[in-house]
Amino acid sequence: MTLSLDPRRIGAVLDGRWAESRQLGRSLALDDATHLDPADDLETTRARTLEAVGLMARTGLPLMALPEALGGANAHAANVAGFEETVTASPSLQIKAGVQFGLFGGAILHLGNGDQHERWLRPAMTGELLGSFAMTEIGHGSDVAAIGTTATYAPETDEFVIDTPFAAATKEYIGNAARDARAAVVFAQLITAGVNHGVHAFLVRVRTDEGAPVAGVTFADDGYKGGLPGVDNGRVAFDSVRIPRTHLLDRYGAVAADGTYSSPIASPGRRFFTMLGTLVQGRVSLDGAAVVASKLALDIAVRYGHERRQFTTADEITETTLMDYQQHQRRLMPALAAVYASALAHEKLLASFDEVFSGADDSEENRALLETRAAAFKADSTWLALDVIQECREACGGAGFMAENRLVGLRADLDVYVTFEGDNTVLLQLAAKRILGDYAKEFAQIDVGGVARFIGTQAAEHSLYRTGLANAGLAISDAFTRGLSDRRIRSGRLQRSLLETRLEVMVSELAGDLRPATRMNQADAAALFNSRQHELIEMGRAYVELEKWKALDEAMRDQTDPDQAKVFRRLRDTYGLSLIEKHMSWHLMYGRLPMSRARQLPDTLNRLCAKLAADSLDLVEAFGYTDEHRRATIATGIEARRQREAAEHYRHARARRDFPVAEKHLRRADTA
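The name given to the protein in an unreviewed UniProt entry is acyl-CoA oxidase, with Brevibacterium celere as the source organism. Here the protein is described in UniProt, under the heading Subcellular location (unreviewed entry), as follows: "Peroxisome". The Sequence similarities (unreviewed entry) field of the UniProt record for the protein holds the comment "Belongs to the acyl-CoA oxidase family."

Next comes the structure, spelled out in structure tokens:
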């Protein structure tokens, strides 16, 4: 039985505070000029994508993040919310524009000074000055601190000399570099007066206005990639390229005319991470863009699943729709719940991003929380997108493999999202380290009695586990875990307790395992850390899963319409129980869930998925996408028309006397 739902009201929950900006970003997909044809050659695709970047610039969307003094609105989250929705037009557009406005322009905004803003920021944000973001090198991707490019100050000419000292220091995979960039923000080791002050950013002219390489700058085209054909990635190398001293983006580190270095941050390590922290926008936007791509894929697959019929079941005439099959529901409904959770968690991430960069709450604590969440959410959501799109592709059968239905193109384009702006595995490790750091601070502030209680509980749990009492029916969760007195498997308290205690146990165990590193030499400490790397990354994933579940739970509690609250509860329970099922071995191993309760999970999830499937058309309609956004033939209603045509044909055919009789019916008659 379906609920009485209004997709527009659900969509308002999903679009959140920045709904207007999201609509602006989606509007680009309504212009045919932003659409890519997979049959086009590389040059045509790149030219078309550059044209679309110009269209985006003309919407004014990139200017939203600028200070009001420069014609902006200081609206950072609004800018990102609109930007990530451009995936509906083309992921190539989203990434190429992201390089131009988010990375190139964003680096000038966040790392440059007032004079540099006046000179370069508006031309960058309007697309007048096309640029690239030259950070990654062949030899160093995620390890930015170890890049090999150098920028050596020459006081006699008041210039920096940019060099690529060896092949592995060549800038690689640089967006806009192969074809369009006229300038680049280049990250290099700043050397002055014989001292290396670490990685800093420099504005370097790399091509003339006509497109010819500047002397000393060498380019190579990366050519065809696995996806994102509209983005002209390339290699860049520098041979004694001279730039004025004033081209150092010097918000966090400056060099005087005599070569003296100064910085408002004394610690080189803290300075480096502060500089990179200002560039967190890329991770935030990729988290949101991955959610948008997942929405598109589900929108297409769910619509097709409600129309496509295959095999007769209830009778010998009427074929069954795909969405009526239990396994089809189990394929798509947990994915739909996960995407809702991700969308709502992303809204919270955007709020934190806006607080930090608008200046409303730029505290060190809030900035650290933003960086941790951005790293972890980006990793989880981009991996989720690949899984969701692939499941949707398979759920659409052969039709899903046709380029005209977008799923294979989306999957190819989203593939590299798990790598750039930080490899996902490295990002989860970064997030987990920060979570451990927060845990250590919290532990340090517990009083003597608190430490005794903590240690006592831990000892009791390990004692129970070793005795095997959990396997005898006395679960550790029943003795020590909050909220498990409620026996209903769908209990929100139970779900939250299981997700929270899993994370707490993982954090406390890792903290205990790694504590000896503080007394070891560097090599032994690194070896110990490496031996726990897998557990560290899994702990990072557990953190994201809990945060996403909490976002969905909070949204459910905010609903006032009874049916809307009910569907949000079903989404929350499907997401939460799917996570518990996914990690069932852990919960059983640690005695967190009795076996009798664990056995309820499959049937409960089956029932939830069936209920969600009944309302799934409304749930994908709430995404707010039209045929122009989806651009998938199988999601236009064409399959329903084909099915009606086939049904009408057989209805008339069966009414004719000469309608052929099935052989199996003849055999039944002979047997009778």
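Draft legend 1. Spotlight on the overall build of the protein. Each helix and strand counted, the protein has 25 helices and 13 strands in total. Taken against the 2.2 N^0.38 rule, which gives 26 Å for 672 residues, the C-alpha radius of gyration of the protein at 28 Å falls within 12% of a compact globule. Here the C-alpha coordinates of the protein stretch approximately 105 × 70 × 45 Å along the principal axes. When contacts within the protein are restricted to residue pairs at least 6 apart in sequence, long-range pairs at least 24 apart make up 74% of them. On the protein, roughly 29100 Å² of surface is accessible, and the fraction owed to carbon and sulfur atoms is 52%. Taken together, the 78 basic and 90 acidic charged side chains of the protein have centroids lying 6 Å from each other.

Draft legend 2. Up close: the pattern of salt bridges. According to the stated counting rule, one finds 45 salt bridges in the structure shown. A salt bridge links Arg22 to Glu85; its shortest N-O distance comes to 3.1 Å. With a gap of 63 residues between them, Arg22 in helix α2 (residues 19–27) and Glu85 in the loop between α4 (76–84) and α5 (91–111) connect regions that are remote in the sequence. The exposure class assigned to Arg22 is buried, which follows from its relative accessible area of 5%. Residue classification places Glu85 among the buried positions, given a relative accessible area of 0%. Notably, a salt bridge pairs Glu391 with Arg331, separated by 2.8 Å at the nearest N-O pair. Placement of Glu391 in helix α10 (residues 364–395) and of Arg331 in helix α9 (residues 326–358) is noted, with a sequence separation of 60 residues between them. The class of Arg331 is partly exposed, set by a relative accessible area of 24%. Through salt bridges that share partners, Asp15, Arg22, Arg26, Glu84, Glu85 and Glu347 make up one connected network.

Draft legend 3. Local environment of the UniProt feature "domain: Acyl-CoA oxidase C-terminal" (unreviewed entry) in the protein. Taking the numbering used here, the UniProt-annotated feature "domain: Acyl-CoA oxidase C-terminal" (unreviewed entry) corresponds to residues 500–629. The span residues 500–629 carries 81% helix and 0% strand; its end-to-end C-alpha distance comes to 38 Å.

Draft legend 4. Spatial organisation of the pairing of strand β12 (residues 309–312). Two elements, β12 and strand β13 (residues 319–321), share two bridges in a ladder whose sense is antiparallel. By the bridge assignment, Thr312 is partnered in β13 with Glu319. Taken together, β12 and the strand that follows it, β13, pair antiparallel across an intervening segment of six residues.

Draft legend 5. Fine view of a negative patch on the surface. Judged by side-chain charge, Asp31, Asp32, Glu51 and Glu628 come together as a negatively charged surface patch. Within the fold, Asp31 resides in the loop between α2 and α3 (42–59).

Draft legend 6. How the structure looks around the environment of Gly288. Secondary-structure assignment places Gly288 in helix α8 (residues 281–307). Through-space distance from the C-alpha of Gly288 to that of Gly82 is 9.9 Å; in sequence the pair is 206 residues apart. With near-sequence residues (within four places) excluded, Gly288 lies in contact with Glu84 and His346.

Draft legend 7. The arrangement of the packing of α10 against helix α17 (residues 533–558) in detail. One can describe the packing of α10 onto α17 by two numbers: an axis separation of 9 Å at closest approach and a directional angle of 90°. Taken together, α10 and α17 sit at an angle that is classed as roughly perpendicular. Of the residues in α17, those touching α10 at Leu369, Thr372, Arg373, Ala376, Phe377, Asp380, Ser381 and Trp383 are Arg541, Tyr543, Val544, Glu547 and Lys548. Across the contact of α10 with α17, the residue classes break down as six nonpolar, two polar and five charged.

Draft legend 8. Looking closely at helix α1 (residues 7–15). Within the sequence span of α1, burial applies to Pro7, Ile10, Gly11, Leu14 and Asp15. The buried residues of α1 occupy an angular sector of 135° when the element is viewed end-on, so they sit on one face. The elements touched by buried residues of α1 are α2, α9, α18 (562–582) and α22 (616–621). The N-terminus of α1 is capped by Asp6, whose side-chain oxygen sits 3.0 Å from the backbone nitrogen of Arg8. Phi turns positive one or two residues past the end of α1, at Gly16, with a value near 65°.

Draft legend 9. Fine view of the sheet that holds strand β8 (residues 234–238). Spatially, the three strands line up as an open sheet ordered β4-β8-β7, and their pairing is antiparallel. Either end of the sheet is taken by a strand with one partner, and the two such strands are β4 (171–174) and β7 (217–221). Here the average twist between neighbouring strands, direction ignored, is 25°. Of the pairings in the sheet, the one linking β7 to β8 comprises five bridges and is antiparallel in character. Paired with Phe219 across the strands is Val236, a residue of β8.

What counts, and at which threshold
- Residues numbered from 1 in each chain as written.
- Predicted model: local features only at pLDDT ≥ 70, side-chain atom pairs only at ≥ 80, totals over all residues.
- Heavy atoms only, no water.
- UniProt positions renumbered as here; feature names shortened; annotations may be inferred.
- Helix = DSSP H or I, 4+ residues; strand = E, 2+ residues; numbered from the N terminus.
- Rg over C-alpha atoms; globule rule 2.2 N^0.38 Å.
- Contact = heavy atoms within 4.5 Å.
- Areas by Shrake-Rupley, 256 points an atom, 1.4 Å probe, with all protein chains shown as cover.
- Lys, Arg positive; Asp, Glu negative; His and termini not counted.
- Charge placed at Lys NZ, Arg CZ, Asp CG, Glu CD.
- Salt bridge = Lys/Arg side-chain N within 4 Å of Asp/Glu carboxyl O.
- Buried < 20%, exposed > 50% of the residue type's maximum accessible area, 1.4 Å probe, protein only.
- Pairing = 2+ DSSP bridges.
- Patch = residues over 30% accessible without salt bridge, like charges linked within 9 Å, V, L, I, M, F, W, Y side chains within 5 Å.
- Axes fitted to C-alpha atoms, helices over the stretch in contact; angles between N-to-C directions.
- Parallel < 35°, antiparallel > 145°, perpendicular 65-115°, else oblique.
- Nonpolar A, V, L, I, M, F, W, Y, C, P; charged D, E, K, R; others polar.
- Arc of directions from axis to C-beta.
- Polar contact = N/O pair within 3.5 Å; in protein donor to acceptor, adjacent residues only side chain to side chain.

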